[in-house]
Amino acid sequence: IIKLRATQEIDLRLDMGRRALVFLGDNEGARQEALQARLNLEVLQGEIEDNAGNYHAARNHYRNALAAAEACANDHRLAKVYEALGILEARYAELEPAIAYLQTAGRHYHAAGNLVCAVGMTNASLAFVYLLKRRYAEAIAPAETALAFFQQLNHAYWQAINEAYLAEAWFYLGDLAKAEQFAHQGLQREETVVRPYCLHILGHVRRAQQ
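Residues numbered from 1 in each chain as written. Predicted model: local features only at pLDDT ≥ 70, side-chain atom pairs only at ≥ 80, totals over all residues. Heavy atoms only, no water.

**With respect to the overall build of the protein**
Part 1 of the argument: Along its length, the protein carries 10 helices and 0 strands.
Part 2 of the argument: Reading the helices (α) and strands (β) of the protein from amino to carboxyl end gives α-α-α-α-α-α-α-α-α-α.
Part 3 of the argument: Within the protein, buried positions represent 45% of all 210 residues.
Part 4 of the argument: For the protein, long-range pairs separated by at least 24 residues make up 55% of all intrachain contacts whose partners lie at least 6 apart in sequence.
Part 5 of the argument: Here the protein displays about 11,300 Å² of accessible surface, and carbon together with sulfur accounts for 53% of that area. (Helix = DSSP H or I, 4+ residues; strand = E, 2+ residues; numbered from the N terminus. Buried < 20%, exposed > 50% of the residue type's maximum accessible area, 1.4 Å probe, protein only. Contact = heavy atoms within 4.5 Å. Areas by Shrake-Rupley, 256 points an atom, 1.4 Å probe, with all protein chains shown as cover.)

**Notes on the packing of helix H5 (residues 95-111) against helix H6 (residues 115-132)**
Part 1 of the argument: Viewed as axis vectors pointing N to C, H5 and H6 meet at an angle of 170°, and their least axial separation amounts to 8 Å. With respect to H6, the element H5 is oriented roughly antiparallel. For the pair formed by H5 and H6, the contact residues are Leu 95, Ala 98, Ile 99, Leu 102, Gln 103, Gly 106, Tyr 109 and His 110 on the first element and Leu 115, Cys 117, Ala 118, Thr 122, Ser 125, Leu 126, Val 129 and Tyr 130 on the second. (Axes fitted to C-alpha atoms, helices over the stretch in contact; angles between N-to-C directions. Parallel < 35°, antiparallel > 145°, perpendicular 65-115°, else oblique.)

**Remarks on the pattern of salt bridges**
Part 1 of the argument: Tallied over the full model, the rule gives 6 salt bridges.
Part 2 of the argument: Across the salt bridge formed by Arg 59 and Glu 89, the nearest N and O atoms sit 3.7 Å from each other. Pair noted here: Arg 59 is in helix H3 (residues 55-72) and Glu 89 is in helix H4 (residues 75-91), with a separation of 30 residues, a long-range link. Of the two residues examined, Arg 59 and Glu 89, each falls in the buried class.
Part 3 of the argument: Salt-bridge contacts for Arg 189 lead to Glu 163; the nearest nitrogen and oxygen are separated by 2.6 Å. Separated by 26 residues along the polypeptide, Arg 189 in the loop between helix H9 (176-188) and helix H10 (195-209) and Glu 163 in helix H8 (residues 156-172) bring together distant segments of the chain.
Part 4 of the argument: Three or more residues joined by partner-sharing salt bridges are found here, namely Glu 96, Arg 135 and Glu 138. (Salt bridge = Lys/Arg side-chain N within 4 Å of Asp/Glu carboxyl O.)

**What about H9?**
Part 1 of the argument: An ideal rise of 1.5 Å per residue puts 18 Å on 13 residues; H9 measures up with 18 Å between its terminal C-alpha atoms.
Part 2 of the argument: The complete set of buried residues in H9 reads Ala 179, Glu 180, Phe 182, Ala 183, Gly 186 and Leu 187.
Part 3 of the argument: Buried residues belonging to H9 abut helix H7 (136-153), H8 and H10. (Expected span 1.5 Å × (residues − 1).)

**A short note on the packing of aromatic side chains**
Part 1 of the argument: All told, the structure shown has 9 aromatic pairs when counted by the stated rule.
Part 2 of the argument: Taking 5.8 Å as the distance between ring centres and 20° as the angle between the ring planes, the aromatic pair formed by Phe 150 and Trp 158 counts as stacked.
Part 3 of the argument: Taken together, the ring pairs connect Phe 149, Phe 150, Tyr 157 and Trp 158 into an aromatic cluster. (Phe/Tyr/Trp six-rings, centres within 6.5 Å; stacked < 30°, edge-to-face > 60°.)

**As for the nonpolar core**
Part 1 of the argument: In terms of nonpolar packing, the biggest core is built from 33 residues, with Val 129 and Leu 166 touching the most fellow members.
Part 2 of the argument: For this core, the secondary-structure elements that each account for two or more residues are H5, H6, H7, H8, H9 and H10.
Part 3 of the argument: Residue contributions to this core peak at 9 residues, all from H8.
Part 4 of the argument: What Val 129 contacts, discounting residues up to four positions off in sequence, is Ala 90, Leu 95, Ala 98, Ile 99 and Leu 102. (Core = buried A, V, L, I, M, F, W, Y, C linked by side-chain atoms within 4.5 Å.)

**Examining the environment of Ala 68**
Part 1 of the argument: The residue Ala 68 is located in helix H3 in this model.
Part 2 of the argument: Taking the C-alpha atoms as reference points, Ala 68 and Glu 42, separated by 26 residues in sequence, lie 8.9 Å from one another.
Part 3 of the argument: Excluding residues that lie within four positions of it along the chain, Ala 68 makes contacts with Leu 35, Arg 38 and Leu 39.

**Describing the packing of H4 against H5**
Part 1 of the argument: At a minimum axis separation of 7 Å, H4 and H5 run at an interaxial angle of 160°. As the angle between them shows, H4 and H5 are arranged roughly antiparallel. Crossing of H4 over H5 shows left-handed handedness. Where H4 abuts H5, its residues Asp 75, His 76, Leu 78, Ala 79, Lys 80, Tyr 82, Glu 83, Leu 85, Gly 86, Ile 87, Glu 89 and Ala 90 lie against Pro 97, Ala 98, Tyr 101, Leu 102, Thr 104, Ala 105, His 108, Tyr 109 and Ala 111.
Part 2 of the argument: Its residues assigned to classes, the contact of H4 with H5 shows 13 nonpolar, 4 polar and 4 charged. (Left-handed = near helix turned anticlockwise from the far one by under 90°. Nonpolar A, V, L, I, M, F, W, Y, C, P; charged D, E, K, R; others polar.)

Here is the structure:
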């Protein structure tokens, strides 16, 4: 049986912790490995419950993971858990905690030196959250920031995603010209996953134009 990568990492952390304790007498090293294993387990359980639609159980596991990440004092780990919490809260229409979690994730990504996530991914996630809550005007700034960042990296997929976000936001704000412009830009990236999104918005534009 092939184990999931996440469970393999948990097993590895536990084994390293046990070796640190038994063979090296390194209590602190063993404690850190146990914390990392606990963090990975809680994240995995959170993802399982999230996938099953069990919001409260998923949130509890992610919060337990957050406690373990804080004990590890690892910015990148903290950022990942805050990001997972932010997306979870957004999907269940909890806007304010979602934004707070994502902004905190961005700060930890920045502290860890991960600018792709600190600037690009965090702003794209914030735009997504605002769109979910139909707060279209507030989605514009983070989507523009993310788009500009991914243009510098020449990352076609994330450019297309944020162009689609902007197309949707501008359509519902009543600017059909900008909505059409960004929908076409997203289509020109030829990113298969994003094409239906852009075409959907373009269909709305054409209907509004009669």
